[in-house]
Amino acid sequence: RSKNEALIAELLHAAGIEFYYEKRLELYDENGNIKVVYPDFTIILADGSIIYWEHKGMMADPGYEEMDRKRMRLYFLNGIYQPLNLIVTMDGPNGEFCGTEISSLISNLLVPMNRSRF
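What comes next is a walk through the structure. This is a predicted model, so every value here is computed, not measured. (Residues numbered from 1 in each chain as written. Predicted model: local features only at pLDDT ≥ 70, side-chain atom pairs only at ≥ 80, totals over all residues. Heavy atoms only, no water.)

1. A short note on the overall build of the protein chain
Tallying secondary structure elements over the protein chain gives three helices and six strands in all. When the helices and strands of the protein chain are read in sequence order from the N terminus, they spell out α-β-β-β-β-β-α-β-α. Scaling as 2.2 N^0.38, a compact globule of 118 residues should have a C-alpha radius of gyration of about 13 Å, and the protein chain matches this with 14 Å. By its C-alpha atoms, the protein chain is 40 × 35 × 20 Å across when sized along the principal axes. Residues classed as buried in the protein chain amount to 36% of the 118 residues present. For the protein chain, restricting intrachain contacts to residue pairs at least 6 apart in sequence, the fraction spanning at least 24 positions comes to 55%. Surface exposure of the protein chain reaches about 7200 Å², of which carbon and sulfur atoms provide 54%. Averaging the coordinates of the 12 positive side-chain charges in the protein chain and doing the same for the 17 negative ones gives two points 4 Å apart. (Helix = DSSP H or I, 4+ residues; strand = E, 2+ residues; numbered from the N terminus. Rg over C-alpha atoms; globule rule 2.2 N^0.38 Å. Buried < 20%, exposed > 50% of the residue type's maximum accessible area, 1.4 Å probe, protein only. Contact = heavy atoms within 4.5 Å. Areas by Shrake-Rupley, 256 points an atom, 1.4 Å probe, with all protein chains shown as cover. Lys, Arg positive; Asp, Glu negative; His and termini not counted. Charge placed at Lys NZ, Arg CZ, Asp CG, Glu CD.)

2. With respect to the sheet that holds strand β1 (residues 18–21)
One open sheet accounts for four strands, arranged β1-β4-β5-β6; its pairing is mixed. The open sheet has two free edges, formed respectively by β1 and β6 (86–90), since each of these has just one partner strand. Neighbour to neighbour, the strand axes of the sheet diverge by 20° on average, direction disregarded. Pairing analysis gives five bridges linking strand β5 (residues 50–56) to β6, with the strands arranged parallel. Pairing of E54 across the sheet is with V88, part of β6. Helix-sheet contacts for helix α2 (residues 62–77) involve β5 and β6, and the interaxial angle to β5 is about 165°. (Pairing = 2+ DSSP bridges. Axes fitted to C-alpha atoms, helices over the stretch in contact; angles between N-to-C directions.)

3. Points about the packing of aromatic side chains
Taken as a whole, this structure holds five aromatic pairs when the rule is applied. Their ring planes at 65° and their centres at 6.0 Å tell us that F41 and W53 sit as a pair that is edge-to-face. In this pair, F41 is assigned in strand β4 (residues 41–44) and W53 in strand β5, connecting sequence segments 12 residues apart. The exposure class assigned to F41 is buried, which follows from its relative accessible area of 0%. Ring geometry for Y52 against Y75: centres 6.5 Å apart, planes inclined by 20°, an arrangement best described as stacked. Of this pair, Y52 sits in strand β5 while Y75 is found in helix α2, placing the two residues 23 residues apart along the sequence. (Phe/Tyr/Trp six-rings, centres within 6.5 Å; stacked < 30°, edge-to-face > 60°.)

4. Notes on the pairing of strand β2 (residues 25–28)
Taking every second residue as pointing to the same face, the buried face of β2 carries L25 and L27, while none of E26 and Y28 on the other face is buried. Of the strand pairs in this sheet, β2 and strand β3 (residues 34–37) are connected by four bridges, and their pairing is antiparallel. Bridging from a neighbouring strand, E26 pairs with V36 of β3. The loop that links β2 with its antiparallel partner β3 comprises five residues; one of these, G32, has a positive phi angle of about 85°.

Purely geometric stuff here, so don't read any function into it on its own.
Right, dumping it as structure tokens:
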């Protein structure tokens, strides 16, 4: 949906990390109701464990920020949180994308995690 998400997808692919883009995920809210979210990336590691990745791009938009807060709460209620199984990155205030840092995150965190679990 965004240029920066496409760049993350390219970096994941280049690193040989298996992932799905905006794969449907059913979570439960505090009342036990099912809520559907679509994480930006669902990453499947070699041992079958799953890591979710959210890249936030419009945090200056109050509507987006409110939606994001609700999603992060749902994740937390369902055992999805940093550093256990959630990666969160975001654009800078003017839309800057830190490709070098994201590439480093992939090569220094995800690649070793993927290899160390064979």
